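Tertiary structure, described
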Amino acid sequence: MTDVDYPADKDELLARARLNEADTETVTALRTVQPVSYANFADVAGAVPMTEGQSDADKAEQDRQRTQDGLAESHTETPDHPIVEELGENRGS
């Protein structure tokens, strides 16, 4: 995505990818990013989930790290606390 004028939002990135006849995998990856403005290619690359060949632990860590400035917390994926996940409730914490 070197010919994109940044900052660019998701729709602009998708339009540029289609214009440049990007492969299906690239377009699919861009569809997964949050609908926010990206300052540069590094921001876009960091927002695309890279799950192929990753362990479950690596995927979980990426989910915890993937946030965008200006994105409401309610729109981020926040994993449940391990105790809540295990017991189904939060016991006094």
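Here, the structure is the one placed above.
Residues numbered from 1 in each chain as written. Predicted model: local features only at pLDDT ≥ 70, side-chain atom pairs only at ≥ 80, totals over all residues. Heavy atoms only, no water.

Side note on the nonpolar core
Core analysis: the biggest nonpolar cluster contains 13 residues, and Leu13, Leu30, Val33, Tyr38 and Val44 have the highest contact counts within it. Those elements that provide at least two residues to this core are α1 (10–19), α2 (24–31) and α3 (41–47). A per-element tally of this core places α1 first, with three residues. (Core = buried A, V, L, I, M, F, W, Y, C linked by side-chain atoms within 4.5 Å. Buried < 20%, exposed > 50% of the residue type's maximum accessible area, 1.4 Å probe, protein only. Helix = DSSP H or I, 4+ residues; strand = E, 2+ residues; numbered from the N terminus.)

What about α1?
Among the residues making up α1, those that are buried are Lys10, Leu13, Leu14 and Ala17. Looking straight down α1, one finds that the buried residues subtend no more than 95° of arc, so they occupy a single side. For α1, the exposed residues set more than 90 degrees away from the buried face come down to Asp11 and Leu19. In this structure, the buried side of α1 is in contact with β1 (8–9), α2, β2 (37–38) and α3. With its phi angle positive at about 55°, Glu21 sits one or two positions after the end of α1. (Arc of directions from axis to C-beta. Contact = heavy atoms within 4.5 Å.)

Points about the pattern of salt bridges
Under the criterion given, the structure shown has one salt bridge. One salt bridge connects Asp3 with Arg16, and the closest N-O pair in it is separated by 3.8 Å. In this pair, Asp3 sits in the segment before β1 while Arg16 sits in helix α1, placing the two residues 13 residues apart along the sequence. Its relative accessible area of 28% is what places Arg16 among the partly exposed residues. (Salt bridge = Lys/Arg side-chain N within 4 Å of Asp/Glu carboxyl O.)

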